[in-house]
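Understanding the architecture of this molecule
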Amino acid sequence: MLKIRLSTNLLPLCLLFSLTVFTSTRSEAQSIVIPVETQHNALVLQTDSSKYLGTVYFGKKLSKSSEYAQVKNQSKQTVDYTGMLNSVYTPSGSRNLLEPALTVTHSDGNNSADLTYVSHEVKKIDGNVSLISILLKDPAYNFNVTLFYKIYYKEDVIEQWSSIKHNEKGNVTLHKYASANLHLTGSAYYLNQYHGDWVKEMQPEESKLTHGIKTLDSKLGTRANLFQPSVFMVSVNKPATEDEGTVLFASLEYSGNFRTDLEVDYQDNLRIISGINNYASPYTLKPNEEFVTPIFLYTLSTQGKGVASRNLQNWARNYKLLDGKGTRLTLLNNWEATYFDFNESKLAGLLKDTKKLGVDLFLLDDGWFANKYPRNGDVAGLGDWEENKQKLPNGISSLVKEAQNNNVKFGIWIEPEMVNPKSMLYEKHPDWVIKQPKRDEHYFRNQLVLDLTNPKVQDFVFGVVDDLFTKNPALAYIKWDCNSVIFNAHSATLKNQNHFYIEYMRGLYNVLERIRAKYPKVPMMLCSGGGGRVDYAALQYFTEFWPSDNTDPLERIFMQWEYSYFYPAIASANHVTDWGKQPIKFRTDVAMMGKLGFDIVVNDLVANDLKFCQDAIKNYDTVKSIIWQGDQYRLSDPRSSNVASMLYINEQKSSGVIFNYLVSSRYGANSNLPVLLKGLDPAKNYKIQEINLYPGTTSTIKGDQIFSGDFLMKVGFNPDLNLARTSVVLKVEESN
Ligand code: GLA
């Protein structure tokens, strides 16, 4: 099922809640308690005597839900002057003194908002998923906010968003319109955030939050994650480790400007307010128009980061990532093998190499299009999506046929949201480009962004994809790139420029929605000059993402490690390239930890390297279902030891694979201690064998020994890494 999250015309609530049950407990003089419960946790909301709804608890679930009403009384914190520090959705302009979730100017020019509880409903969607909606209303205005909590019980995951609506005499301006407003209690909070740049994505940084506000945000428009993705972790009381501590993982499901404020207040509580970045975006809301925010996603673990990550990975595969429970295609990409320099005969050779290597698909990258300004470099041609006659005189269709002759599939790169100023598209439609009429153009990778707020541009972008599929029904894969950020945010056609950033995202999701309506399952890679746009709003349209253009395997160990906290391995497209100094085995082993691909000149491989790759692909076929659908356990952290070790194990705990790397090249570096395994059944016996051996080498690991799960999780197993064995892949099999 495809979902639009940012829309002004969602189903009327009455339809949505045709099947409803009420779950509130009334106590303490009609106080209403709403427990938002998952398998292990409870987020408890409660009204006070003035009907203000606050968060009174977020932690391990209680056995007796009637006791939630007493949680509040156990707190002896300092006076709350506002009476709403723990508001479930803090309005501004009345009693509030801190960072708001909502700021408005009413149709009469009044700048205050207030929200009290009206009602709530619970709808059971299926055995695992339910949706709580809570209606809040401004007592002085015909203005209301509905908070939605979508509960994924088994996964301990909550998706939260808001819908804002009014029926005032004129328009209301929304200055701030958060998706969610959480409230956590603890003695200290440790934020683990991420920053990056091109080829440096997902760099973690942990710090103790001090009183005041820490803001994580993006104003980049598109490719919003280039400097900072919206994913983060907050540990409560003390920094959580892999297996211990209370930690919240969260992110905004949104591909545009986001803003998350983390505010430690004067009672020492932590308020987290997240949503679309209101930067340059006051929103004019018409009477009866519904403004639906994007989703804020979170999971709480009281057993460390490992559990939180597995919860999110399971949730993503079950509910969000496109075809999350499906399979994926291994591939050969030509980007680093040829860059822009190719022609039909060279590609014919690469198609043969695809077959020779043993992967499923050949992916033709950038450079195949544009004639007046041929795409022979990144300075021209973007936007002109017809085949370049010189390079491909017989068009894409002949390549698709040639692929079929070789018994492999064919995929293609596009970057349909963008344009080079040196293009026919720019010449023909200068008004389709995002730019300020009175200012110089600024380029990012020599290109500009198309104005997706304009429905004609949306049609054009949809048409780029649709044409390719219409002309080539056998086309099996799309790599969708997005290399530029937005400078000079301005649309030539949009009436209200304040809506620019929001309408841009609506336009993008509208296009993706149309594509998926017509082509529901064709695999598409979400690329953005690397991992510039990885988020769960986008991933409901994409089967995988490209984490980074940095494919140095040593760097990738660290990067993939961090991505894995939030995204399942099946979504991570990892390619073997010529980056880095490591041998082909090391590079291939690292790429196998997600969705395997290659971007090398197969013809240049020496015989043993080629043989190794061919064998590795066969090995991958035997373990890929465990990597894609199994549970992932981080065993040894490369940031705190010389060894990186990651285990994937199937649901039955009978079959697993462990990837081990030596990440230090210092004299004598080795795996001096055994690596403690996790996630096994202590009562089962296991055999551990090394796979992915380079031709002509033998393993130092005796593959015939049997160990109990108990032994492997208490004593551990040594992969025997040393400077001559820097990369070791182990297969774990239940054995009697
Ligand atoms: C971006 C992508 C690369 C490649 C080039 C092509 O940088 O991240 O993988 O597709 O564009 O121009």
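The rules behind the values
- Residues numbered from 1 in each chain as written.
- Predicted model: local features only at pLDDT ≥ 70, side-chain atom pairs only at ≥ 80, totals over all residues.
- Heavy atoms only, no water.
- Helix = DSSP H or I, 4+ residues; strand = E, 2+ residues; numbered from the N terminus.
- Rg over C-alpha atoms; globule rule 2.2 N^0.38 Å.
- Buried < 20%, exposed > 50% of the residue type's maximum accessible area, 1.4 Å probe, protein only.
- Areas by Shrake-Rupley, 256 points an atom, 1.4 Å probe, with all protein chains shown as cover.
- Lys, Arg positive; Asp, Glu negative; His and termini not counted.
- Charge placed at Lys NZ, Arg CZ, Asp CG, Glu CD.
- Phe/Tyr/Trp six-rings, centres within 6.5 Å; stacked < 30°, edge-to-face > 60°.
- Lys NZ or Arg CZ within 6 Å of the ring centre and 35° of its normal.
- Axes fitted to C-alpha atoms, helices over the stretch in contact; angles between N-to-C directions.
- Left-handed = near helix turned anticlockwise from the far one by under 90°.
- Contact = heavy atoms within 4.5 Å.
- Nonpolar A, V, L, I, M, F, W, Y, C, P; charged D, E, K, R; others polar.

Another aspect to go through is the overall build of the chain. The number of helices and strands found in the chain is 12 helices and 36 strands. Here the C-alpha radius of gyration of the chain, 27 Å, is about what a compact globule of 736 residues would show, namely 27 Å. Each principal axis of the C-alpha distribution contributes one length, and for the chain these read about 80 × 70 × 45 Å. The buried share of the chain, reckoned over its 736 residues, is 62%. By element, 51% of the accessible surface of the chain is carried by carbon and sulfur atoms, the whole surface being about 27600 Å². Where the 78 positive side-chain charges of the chain centre and where its 79 negative ones centre are 2 Å apart.

With that settled, consider the packing of aromatic side chains. Summed over the entire model, instances satisfying the criterion amount to 41 aromatic pairs. Where Phe148 meets Trp161, the ring centres are 5.2 Å apart and the plane angle is 10 degrees; that geometry is what we call stacked. Taken together, the positions of Phe148 in strand β8 (residues 143-152) and Trp161 in strand β9 (residues 157-166) put the pair 13 residues apart, joining distant regions of the chain. Taken together, Tyr152, Trp315, Tyr319, Tyr536, Phe545, Tyr563 and Tyr567 form an aromatic cluster joined through their ring pairs. The ring of Trp546 carries the charged tip of Lys479 above its face, separated from the ring centre by 5.7 Å.

What follows covers the packing of helix α7 (residues 455-471) against helix α8 (residues 500-518). Running from N to C, α7 and α8 cross one another at 35 degrees; their axes reach a closest spacing of 9 Å. The handedness of the crossing between α7 and α8 comes out as right-handed. On the side of α7, the interface is formed by Gln458, Asp459, Val461, Phe462, Val465 and Asp466, while α8 contributes Gly507, Asn510, Val511, Arg514, Ile515 and Lys518. Grouping the amino acids of the contact of α7 with α8 by side-chain chemistry returns 5 nonpolar, 3 polar and 4 charged.

Note that all results are geometric; they support no functional claim without further evidence.
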